[in-house]
Amino acid sequence: AVPGTRILATGGASHNKKILQVLSDVFNTPVYTIDTANSACLGSAYRAIHGLVAETNVSLADVVKLAPEPRLAVTPTAGAEEV
């Protein structure tokens, strides 16, 4: 995995630790979740806000600063990348 890479899981499957562990092992990167209702819509909402303020040269990183902090759910199983 590229250093700093992480997966952000949302939706119903994000509550299933076994599914998250498979994702983490397959992609050899940690998986995070957000404990927010309708979190799957957040990405498009932040992009829409970013589009609205585009003329002010505000970066997307600045737009999402107030986003809920993702919580680490699982990390890759040692040796999984070799499988």
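Residues numbered from 1 in each chain as written. Predicted model: local features only at pLDDT ≥ 70, side-chain atom pairs only at ≥ 80, totals over all residues. Heavy atoms only, no water.

For the chain, the name recorded in an unreviewed UniProt entry is Xylulose kinase, with Aptenodytes forsteri as its organism. Recorded in UniProt for the chain, the comment headed Sequence similarities (unreviewed entry) runs: "Belongs to the FGGY kinase family." (UniProt positions renumbered as here; feature names shortened; annotations may be inferred.)

### Remarks on the side chain of Thr29
Relative to the helices and strands, Thr29 resides in the loop between helix H1 (17–27) and strand E2 (31–33). Within the structure, the side chain of Thr29 is placed 2.5 Å from the backbone oxygen of Thr5, a separation counted as a polar contact. (Helix = DSSP H or I, 4+ residues; strand = E, 2+ residues; numbered from the N terminus. Polar contact = N/O pair within 3.5 Å; in protein donor to acceptor, adjacent residues only side chain to side chain.)

### Digging into H1
Of all the positions in H1, only Leu20, Ser24 and Asp25 are classed as buried. Considered in projection along H1, the buried side chains sweep an arc of 135° and stay on one side of the axis. H1 presents Lys18, Val22, Val26 and Phe27 as exposed residues on the side facing more than 90 degrees away from its buried surface. Tucked into the core, H1 has its buried residues touching strand E1 (7–9), E2 and strand E3 (71–74). Taking the backbone nitrogen of Lys18 as reference, a side-chain oxygen 2.9 Å away marks Asn16 as the first, capping residue of H1. Asn28 lies just past H1 and shows a positive phi near 50°. (Buried < 20%, exposed > 50% of the residue type's maximum accessible area, 1.4 Å probe, protein only. Arc of directions from axis to C-beta. Contact = heavy atoms within 4.5 Å.)

### Here we look at the environment of Lys18
Mapped onto the fold, Lys18 is located in helix H1. For Lys18 and Ile49, which are 31 residues apart along the polypeptide, the C-alpha to C-alpha distance reads 34 Å.

### Remarks on the nonpolar core
Residues Ile7, Ala9, Leu20, Val31, Ala73 and Val74 constitute the largest nonpolar core, which totals 6 residues. Counting residues per element, the ones that place at least two in this core are E1 and E3. Apart from the residues within four sequence positions on either side, Ala73 is in contact with Lys17, Leu20, Val31, Tyr32 and Thr33. (Core = buried A, V, L, I, M, F, W, Y, C linked by side-chain atoms within 4.5 Å.)

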